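Secondary and tertiary structure notes
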Amino acid sequence: MPTHQQTMSDSSSSFTIADSSPQDELASDSKGFGSNSNKNLQSREALDLAGDLDLERQLQEPNDLDDAATTVEVVRGTKDSEKSLPATGPIPASAPPSKSSGPLTLAPDDAENPRNWSTSKKVLVDVILCIWVLSLTYSSTAYVASLTALEKRFNTSQEVAILGITLFVLGFAAGPLLLGPSSELFGRRAVYITTGIFYSGFSFGAAWVNNLPGLLVLRFLMGFAGAASINNVPASIGDFTIAANRNQYTILYALCAFGGPSLGPLCSNFIETGAGWQWNLRVQAIFNTLCSICVCFVPETHGPTLYKWQQQKNGNQPSKLKLGQVIGVYKTALSRPILYLFTEPTVTLCCLYLSALYGILYGFFEAFTVVFLEMRHFKPNSYGLTYIGLGVGFFVACVLLATVQKKYYDNQAAMYAAKGMKTQPEARLGLAYPSAILCPISLFLFAWTAPFPHVHWIVPCIAEALFGGSMLCIFSTFVPYLIDCYLQTAASALAAGMASRALVGCVFPLFAIQMYHRLTVQGATSLLAGLACCLMPIPFVFRRYGSTLRERSKNASNP
């Protein structure tokens, strides 16, 4: 039986990256404010991917926490969406945050609620935010095309020059740990504008700096500031969509987040060949700045922030937050992902698998240089075109996620409903099972065809596409699986994953070239394939023991 704060519904459809669980909806508290009769309901957030709901509620003003006297539960996607439940009394401000009660937000029928925007406005906001994500992931690998020129310009080794990629990706770890909680405190838009200014400034600084240490520091700061996009944009998409239609908006995010690294070397090789390394960095700066300017015009989407503004307009001035209260939230937001990483087996296994795949992806990029430039003697521009294979794989994966995965999830939801059960998180893993098998196969295919000139170049490119598609399918099923498993503290589970991926992904480029030279393409890629084989059983472990792991966890949600 659902609680008065949150009603569970299994009618939601599948999604790609930033979807909520099938239990995604809000609970409303019946309460009038001011003289606005159309704002007679306030709601509670049921899920937020940038910050844990219990931490966000700690920032809730005491006046707001005392308001709730009667609750109305709202089930999204039905015409009969409201039904009254017995009053449960006010929620004391001094009471500890409830695991089943989120912060106050706008009512579902409020005209100011982002979920009530027109479709055209949602699409426009989605495109702007996702292209901003693309600018970050593009910049992470576009730098690769200038490595040789940077080595000559600054008289340095390849290992030092490649730190520009390592430090950039390392900056991604800041997103979930610092910028996510900041968006709960100050709102999404404030964080986007602030980080966008620094992101653009650091990008132009990197394009005009005249020494290597300065370039490397600025590359790290670019990744640090830009991490607001790759971390907070999924939360923004969740703010203005519901589970029933979220899939169509998150597919673009998935394509930009994973397509950017393959687009970077493709485009930057043409820029590097025609205009030089400085213009390669300048194009990144211009692209990043234009995207950041567009993001400044995106309206606020964070429900609790909009609710607070609405109360201020109605004369209900919220109490000022205490410094200790804010510090406490940041302290927990920084420590909980680390705690989850080492004490929650579900989080540990997900992070282990996804981090390894992320590292393999960035290490795999170095194989292209060895295979197509050194062994097959492609021209630089032709070499860049080989990354199209990865992009094709990512695109096909998005199509499969929108069709096959959605159908699988809907069938699983119907099966559980027929049994009188709520949909289990394992229903999210449909495409993960074949993808986990296909991933190492694609790497073995690349390993034993790419280095041999008598094998047509299209064969290793097909292997790239299979690897890219399988990896994206694994990511796009594991992330919502984590969300469904942890619900109220999903942001910490995702933060553990994002931070661990950034730490592992940034290390692989440092040794990948040496590995390919010393172990040969066959040996090095087979080693990566062997690593993927060792981790291949993880989705099947979740299928068999997922419910047991959740039952033994103190933090996981049990549908």
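That block above? That's the structure.
Here goes a summary of the coordinates provided. Because the structure is a prediction, the values reported are computed rather than measured.

Bringing the overall build of the protein into the picture now. When helices and strands are tallied, the protein shows 20 helices and five strands. The 559 residues of the protein split such that 60% are buried. Of all intrachain contacts in the protein linking residues separated by at least 6 positions in sequence, the fraction that spans at least 24 positions is 80%. Split by element, the accessible area of the protein, about 20900 Å² in all, is 65% carbon and sulfur.

As a packed pair, helix α6 (residues 163–170) and helix α19 (residues 490–535) sit with axes 8 Å apart at the nearest point and diverge in direction by 175°. By the angle class used here, α6 and α19 are roughly antiparallel. On α19, the residues that touch Leu163, Ile165, Thr166, Val169 and Leu170 of α6 are Ala502, Leu503, Gly505, Cys506, Pro509 and Leu510. Of the residues assigned to the contact of α6 with α19, the class counts are nine nonpolar, two polar and no charged.

This paragraph deals with helix α14 (residues 345–375). For α14, spanning 31 residues, the distance from its first C-alpha to its last is 43 Å, which sits close to the expected 45 Å at 1.5 Å a residue. Of all 31 residues making up α14, 24 are buried, and the element is well covered by its neighbours. Directly beyond the C-terminal end of α14, a positive phi value near 60° is found at histidine 377.

Let us now look at the side chain of serine 183. For serine 183, the position within the fold is in helix α7 (residues 174–186). Judged by relative accessible area, serine 183 falls into the buried class, the value being 0%. Looking at serine 183, its side chain comes within polar contact range of the side chain of arginine 188, at 3.0 Å.

Attention now goes to the nonpolar core. Ranked by size, the top nonpolar core spans 128 residues in total, and within it Leu215, Phe368, Phe446, Phe467, Phe478 and Tyr516 carry the most contacts. For phenylalanine 478, the contacting residues outside a window of four places in its chain are Cys350, Tyr353, Leu354, Leu429, Ala432, Ile538, Pro539 and Phe542.

As a further point, take the pattern of salt bridges. This model, assessed by the stated rule, comprises five salt bridges. Salt-bridge contacts for aspartate 410 lead to lysine 406; the nearest nitrogen and oxygen are separated by 3.0 Å. Of this pair, aspartate 410 and lysine 406 both sit in helix α16 (residues 388–418), separated by four residues, roughly a single helical turn. Between aspartate 484 and arginine 428 there is a salt bridge, and its shortest N-O distance comes to 2.9 Å. With aspartate 484 in helix α18 (residues 458–486) and arginine 428 in the loop between α16 and α17 (432–447), this residue pair connects regions lying 56 residues apart in the sequence. Residue aspartate 484 shares its accessibility class with arginine 428, and that shared class is buried.

This brings us to the packing of aromatic side chains. Per the counting criterion, the structure on display carries 31 aromatic pairs. Ring geometry for tyrosine 362 against phenylalanine 365: centres 5.8 Å apart, planes inclined by 80°, an arrangement best described as edge-to-face. In this pair, tyrosine 362 and phenylalanine 365 are both assigned in helix α14, three residues apart and thus about one turn of the helix distant. One exposure class covers both tyrosine 362 and phenylalanine 365, and it is buried. For the ring pair tyrosine 433 and phenylalanine 540, a centre distance of 5.3 Å and an interplane angle of 35° mean the geometry is tilted. Highlighted residues: tyrosine 433 in helix α17 and phenylalanine 540 in helix α20 (residues 538–552), separated in sequence by 107 residues. Tyrosine 433 sits in the buried class, given a relative accessible area of 8%. The side chain of arginine 282 reaches across the aromatic face of tryptophan 279, ending 5.2 Å from its centre.

Here we take up the environment of glycine 223. Among the secondary structure elements, glycine 223 is positioned in helix α9 (residues 212–240). Once the C-alpha coordinates of glycine 223 and serine 139 are considered, the two residues, 84 residues apart in sequence, prove to be 9.0 Å apart. In this view, glycine 223 contacts Leu136, Phe168, Gly171 and Phe172; residues no more than four positions away in its chain are not counted.

Where α17 meets α19, the axes come as close as 8 Å, and the angle between the chain directions of the two elements is 175°. As judged from the angle between their axes, α17 and α19 are roughly antiparallel. Every residue of α19 that contacts α17 at Cys439, Pro440, Leu443, Phe444, Phe446 and Ala447 is listed here: Val521, Gln522, Thr525, Ser526, Leu528, Ala529, Gly530, Ala532 and Cys533. Grouping the constituent residues of the contact of α17 with α19 by class yields eleven nonpolar, four polar and no charged.

Glancing now at a nonpolar patch on the surface. Nonpolar side chains collect at one region of the surface, where Phe270, Leu385, Ile388, Val392, Phe395, Val396, Val399, Leu400 and Val404 lie side by side and expose about 720 Å² of accessible area between them. Sorting elements by how many residues they give to the nonpolar patch places α16 first, with seven residues. The class of valine 404 is partly exposed, set by a relative accessible area of 41%.

Let us now look at the environment of leucine 218. Mapped onto the elements, leucine 218 comes out in helix α9. A relative accessible area of 17% places leucine 218 in the buried class. In sequence terms leucine 218 and phenylalanine 168 are 50 residues apart; their C-alpha atoms lie 8.6 Å from each other.

Conventions and cut-offs
Residues numbered from 1 in each chain as written. Predicted model: local features only at pLDDT ≥ 70, side-chain atom pairs only at ≥ 80, totals over all residues. Heavy atoms only, no water. Helix = DSSP H or I, 4+ residues; strand = E, 2+ residues; numbered from the N terminus. Buried < 20%, exposed > 50% of the residue type's maximum accessible area, 1.4 Å probe, protein only. Contact = heavy atoms within 4.5 Å. Areas by Shrake-Rupley, 256 points an atom, 1.4 Å probe, with all protein chains shown as cover. Axes fitted to C-alpha atoms, helices over the stretch in contact; angles between N-to-C directions. Parallel < 35°, antiparallel > 145°, perpendicular 65-115°, else oblique. Nonpolar A, V, L, I, M, F, W, Y, C, P; charged D, E, K, R; others polar. Expected span 1.5 Å × (residues − 1). Polar contact = N/O pair within 3.5 Å; in protein donor to acceptor, adjacent residues only side chain to side chain. Core = buried A, V, L, I, M, F, W, Y, C linked by side-chain atoms within 4.5 Å. Salt bridge = Lys/Arg side-chain N within 4 Å of Asp/Glu carboxyl O. Phe/Tyr/Trp six-rings, centres within 6.5 Å; stacked < 30°, edge-to-face > 60°. Lys NZ or Arg CZ within 6 Å of the ring centre and 35° of its normal. Patch = residues over 30% accessible without salt bridge, like charges linked within 9 Å, V, L, I, M, F, W, Y side chains within 5 Å.

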